[in-house]
Amino acid sequence: MYKGIYAEKKTFSKFDNEHYLCYLNEQREEYSPESDARSGEVTEPVSAPVLGYAYTGDMVDGGTLIEAKEATYDEFVSGLIRTRYSASRVEAIQSNRMIALVNPEHERAAEFISEWDDFQSYREQCKEQADALING
């Protein structure tokens, strides 16, 4: 997991034709801005700490790369879910939940229900994140 801290709030940007780079897990954090007079790049402290925006994700800049062809709520929800659950894993979770519904006495029914509940909790979190990204 990487962390990036910025002076300005970030949301998302198009990465390529099938991905978006999203900035998640926003936290306000103090940091010391740095500057290189030659290139404008950040290299040495130039002022006292200021309050910035920190993001954590799987990319070096603190962003999270998701599969999405368009910047829409549905695409972002799906892309965020896929960062943790593959399509085949979701199918397995759904199938296992059906087993638990049809046969509550199944030896692994409690495990399947717990697995389903964890997935649903993550899905709700992804919906909240997608809404915040798309609607600010």
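Before reading further, recall that the structure is shown in the block above.
Predicted model, so just to flag it, every value in this text is computed and none were measured.

Definitions and limits used
- Residue numbering note: each chain is counted from 1, following its sequence as written.
- Local features are withheld for residues below a pLDDT of 70 in this predicted model, meaning they are given only at 70 or higher, and side-chain atom pairs are given and counted only at 80 or more; totals for whole chains, interfaces and linings count all residues.
- Heavy atoms throughout the structure, all of them, feed into the side-chain values; hydrogens and water do not.
- To qualify as a nonpolar core, a set must consist of buried Ala, Val, Leu, Ile, Met, Phe, Trp, Tyr and Cys residues joined through side-chain atoms within 4.5 Å.
- Whether a residue is buried, partly exposed or exposed follows from its accessible area with a 1.4 Å probe, protein chains only, as a fraction of its type maximum: under 20%, in between, or over 50%, in that order.
- Secondary structure elements follow DSSP: runs of H or I no shorter than four residues count as helices, runs of E no shorter than two count as strands, and numbering proceeds from the N terminus.
- Either an automatic procedure or a domain database provided the assignment from which the domain bounds are taken.
- For this analysis, residues touch if any pair of their heavy atoms sits within 4.5 Å.
- Note: two strands are recorded as paired if DSSP finds a minimum of 2 bridges between them.
- Fitting a line to C-alpha atoms yields each axis, with helices limited to the stretch in contact; the angle taken between N-to-C directions then spans 0 to 180 degrees.

Caption draft 1: Representation of the nonpolar core. Within the largest apolar cluster, 17 residues are counted, with the highest numbers of intra-cluster contacts made by Cys22, Ile66, Phe76 and Tyr85. With five residues, helix 3 (residues 109-135) is the largest single contributor of residues to this core. Residues from two domains meet in this core; each of domain 1 (1-67) and domain 2 (71-135) gives at least three. Each residue touching cysteine 22, except ones within four places of it in the same chain, is listed here: Thr11, Phe12, Gly63, Thr64, Ile66, Phe76 and Leu133.

Caption draft 2: The sheet that holds strand 1 (residues 2-6), seen in detail. The three strands are arranged 1-7-4 in an open sheet whose pairing can be described as antiparallel. Two strands bound the open sheet, and with one partner strand each, they are strand 1 and strand 4 (27-31). The sheet shows a mean angle of 45 degrees between the axes of neighbouring strands, taken without regard to direction. Sheet analysis places strand 1 next to strand 7 (residues 50-57), joined by five bridges and oriented antiparallel. If you follow isoleucine 5 over to strand 7, its bridge partner there is alanine 54.

Everything listed is a geometric property; what it means functionally is a separate question.
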